[in-house]
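The residues making up each chain are set out below.
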Amino acid sequence: MDVKIINPFIEAFNNVLPQLGFAKVSKGAMTVKSSDLQGNGVMAIVGLVGDVKGNVIYSMNFDNAKGIASKMMMGMPVENFDDMAQSAISELSNMLTGNASINLSELGTTVDISTPTLIYGEGLKVKAKASKVLCVEIIADDAKLDLNIAFE
Amino acid sequence: MKKVLIVDDSPFSRSILTDVLEENGFEVVGEVESPSELIRTYTETDPDFVTMDIAMPEKDGFECTEMIMNHDPNAKVIMVSSMKDESVIKDAKAVKAVGFVQKPVDAEELLETIQFVFGKEEIFKELQKHYVNGFTEALENGIVKMTKTTTDIQEVDFRTQSKGVSIVCGIIGKYSGRMILDMDYETAENLSIKLYKKDVKDKVMQIVAEFSNVVCGNACSILNKKNKTFALRVAPPTIFHGEKLNISTPLIQSKTIQAQTEFGEIVLNVGFTRGDEEWT
C-alpha cells in the first residue's frame, strides 16, 4: 500500500471539519499497524470499492465522540452517546469519506463508498482485511480521533 | 399520469411550463406564486413532483424547497431557473432538490430530468422489493452448500446489541449499503470448524469473514441478475468482536433475518440508501 494514498483522506478532514465549526485541524502521529486493532468507544466504518478496495475506520473514545457530535450540532450538549450523536458520527464518516473519494478522483483514482456502519462498546477488537493498516491521529480543536486505512 | 405542482412567481414562466408539461402527458395540479400558499397547495394537490423557480420576491426557491422538504421529506423538487452555476447547483443539492433545468426551458431537457428522477426512484423501489429475499437466499445457499446442513431463516427485529462477533461488508453500486453478519463466539467457532474441516486455531475470524464475504457477494449477484443496473459490489469484510459491542444503524433503513443452524443463530442485517442524486 502506497503511503501517499493517505493524503486525500487527511485533506478530507481539512475540508470538512472547518465547515462543521472546528477551528484548527492538525495531523498527529502516523503509525503502521497490523490488521488487528483494538479500542474502547466508537468506530465508524466505510467500505471503498473501485481502483482501490478496502475500508476506512474512524475510531475515537466516547468523550471525543460526544464532543465531536456536540460541535456538529451547534454546541448542543451531548451527555450520552445517544441516537442523535450516533447519527452525527455516522454522517461525519460519510462526509469525510465522500470528500476523500473526490480528492482521490482528482488524483485519477476512482472509488465508490458504502453506507457507514457504526459500532461502539468497550473492549472492541477489530480485524481488517489488509496486511497492514495505516493509522493517523487527527486533532481537531480539543478532540482527537484516529483515521485507520485498510486497503487490500 | 404524474401530477406536477409549479412554483414560480412569473405567470409567463408558469404558462410555458404548463404547456410543455401538459403536451407531454403530465397533469399540472397546481400553480403557486407565493410561499404563503405553498404548503396548503402542496398538501391539497399531493403532486408527484414540483418544479421550483429560484428567484422569487418573498422567499427564494431554496427556502421554498426547504419548506416542502420539511413537510414531506420524500418530495421531489426540480429546480427551474435561469441561473445555473456551481454555487447554485450546490445550494440546490443542499436543500435536496432532485434535478435542475435551466430557463428558457427546453422540453427535451425537462423530460430527461423527470425521467432520470423517476427512473432512479423506480429502480430503488425494485431493489427494496427484492433485497431481503436475495440475502435470505444467499445466506441459505451459504449455509446449505458450504456446510451441508439445513437452516430455517426468518425475518426478525433488529437488535442493537451484538452477540459478540460482527462482520461488516460495505456494498457499493447504483445504491450503497452494507451488510452485517452477527453471531456469538461459539457459533463462529462451530461454523468455522465445519467450513474449514480441520483445526481452526486462531483462524476463526478469518473464516467467518470469508463466509460473510461469500454470502454478501452471492446476494449481490442474485440481485444484479434481477436488474443489472444495480451493479452491486462488495467491499472487503471487517470483523468487529468483543463482549460488549453495539451496532448502530442511523442513515439507513435496514432489514434483519435470522438463521437457525446447528451451529447456533446467525443474524444478518442489511440495508441500502438511495444516496446522493448524481445530477449536474
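Procedures and definitions
- Residues numbered from 1 in each chain as written.
- Chains lettered and ligands numbered in written order.
- Predicted model: local features only at pLDDT ≥ 70, side-chain atom pairs only at ≥ 80, totals over all residues.
- Heavy atoms only, no water.
- Helix = DSSP H or I, 4+ residues; strand = E, 2+ residues; numbered from the N terminus.
- Buried < 20%, exposed > 50% of the residue type's maximum accessible area, 1.4 Å probe, protein only.
- Contact = heavy atoms within 4.5 Å.
- Domains from an automatic or database assignment.
- Buried area = accessible area lost by both parts, 1.4 Å probe.
- Salt bridge = Lys/Arg side-chain N within 4 Å of Asp/Glu carboxyl O.
- Polar contact = N/O pair within 3.5 Å; in protein donor to acceptor, adjacent residues only side chain to side chain.
- Nonpolar A, V, L, I, M, F, W, Y, C, P; charged D, E, K, R; others polar.
- Pairing = 2+ DSSP bridges.
- 1 Å grid on protein atoms, 1.4 Å probe; cavity = no way out; pocket = protein on both sides within 12 Å on 5 of 7 lines; lining within 4 Å.
- Points joined across faces, edges and corners; volume = space filled by probe spheres on them.
- Axes fitted to C-alpha atoms, helices over the stretch in contact; angles between N-to-C directions.
- Parallel < 35°, antiparallel > 145°, perpendicular 65-115°, else oblique.
- Patch = residues over 30% accessible without salt bridge, like charges linked within 9 Å, V, L, I, M, F, W, Y side chains within 5 Å.
- Areas by Shrake-Rupley, 256 points an atom, 1.4 Å probe, with all protein chains shown as cover.
- Lys, Arg positive; Asp, Glu negative; His and termini not counted.
- Charge placed at Lys NZ, Arg CZ, Asp CG, Glu CD.

*Asks:* Which parts of the structure should I look at to understand the environment of Q102(B)?
*Replies:* Residue and element names in this part refer to chain B. Relative to the helices and strands, Q102 is located in strand β5 (residues 99-102). Relative accessible area serves as the criterion here: at 32%, Q102 is assigned to the partly exposed category. C-alpha separation for the pair Q102 and S81, spaced 21 residues apart in sequence, amounts to 5.1 Å. With near-sequence residues (within four places) excluded, Q102 lies in contact with S81, S82, K84 and E109.

*Asks:* Explain the domain arrangement of chain B here, please?
*Replies:* Think of interface size as the accessible area that goes away when the parts come together; that is how it is often given. Domain assignment breaks chain B into domain 1 (3-105) and domain 2 (123-273). A straight line from the C-alpha centre of domain 1 of chain B to that of domain 2 of chain B covers 42 Å.

*Asks:* How do you make sense of unusual backbone geometry when you look at a structure like this?
*Replies:* Leaving glycine aside, a negative phi is the common case for residues, and trans is the common case for peptide bonds. A cis amide bond links K103(B) with the next residue in sequence, P104(B), at an omega value of 0°. Relative to the elements of secondary structure, P104(B) occurs in the loop between β5 and α5 (107-147). Even without a glycine there, the phi angle at M74(A) is positive, about 55°.

*Asks:* So what exactly am I meant to see when it comes to the interface of chain A and chain B here?
*Replies:* The interface is formed by 33 residues belonging to chain A together with 31 residues belonging to chain B. Taken together, the two surfaces of chain A and chain B that pack against each other cover about 2600 Å², and 64% of this comes from carbon and sulfur. On the chain A side of the interface with chain B, the three residues burying the most area are T115(A), I119(A) and K127(A), jointly 24% of the side's total. Applying the counting rule to chain A against chain B returns one salt bridge. A salt bridge links D112(A) to R233(B), with the shortest nitrogen-to-oxygen separation between them at 3.2 Å. Across the contact surface, chain A and chain B share 13 residue pairs in polar contact (both at pLDDT 80 or more). Breaking the side of chain A that touches chain B down by element, the ones donating at least two residues are β2 (36-50), β3 (54-60), α3 (83-106), β4 (111-113) and β5 (117-127) of chain A. Each residue belonging to the side of chain A that touches chain B can be placed in one class, and the counts come to 13 nonpolar, twelve polar and eight charged. Bridge count between β5(A) and strand β10 (residues 238-241) of chain B: three bridges; the pairing is antiparallel. Among the inter-strand pairings, V126(A) is bridged to a residue of β10(B), identified as F240(B).

*Asks:* What's the story with empty space enclosed by the protein in this structure? I'm lost.
*Replies:* One water molecule sets the probe size; rolling that probe over the atoms shows where empty space is left. All names here are of chain B. Per the counting criterion, the structure on display carries one cavity of 30 Å³ or more. Estimates place the volume of the largest cavity at around 100 Å³. If you go around the largest cavity, the residues you meet are V156, D157, F158, R159, Q161, K163, I180, D182, I247, T256, V267 and N269. Contributing elements (two or more residues each) for the lining of the largest cavity: β8 (176-183) and β13 (264-273). When its residues are assigned to classes, the lining of the largest cavity shows five nonpolar, three polar and four charged.

*Asks:* It is not clear to me how the packing of helix α2 (residues 62-72) of chain A against α3(A) should be interpreted in this structure. Could you clarify?
*Replies:* Each pair of packed helices gets described by two things: the angle between the helix axes and the distance between those axes. All names here are of chain A. Packing of α2 against α3 leaves a shortest axis separation of 9 Å and a crossing angle of 80°. Taken together, the axes of α2 and α3 lie roughly perpendicular to each other. Residues A65, I68, A69 and M72 of α2 pack against A85, A88, I89, L92 and M95 of α3. Looking at the contact of α2 with α3 residue by residue, the classes come out as nine nonpolar, no polar and no charged.

*Asks:* Where do I start with a positive patch on the surface in this structure?
*Replies:* Together, K145(B), K148(B), K194(B) and K197(B) line one region of the surface with positive charge. On the secondary structure map, K197(B) appears in the loop between α6 (185-196) and α7 (204-226).

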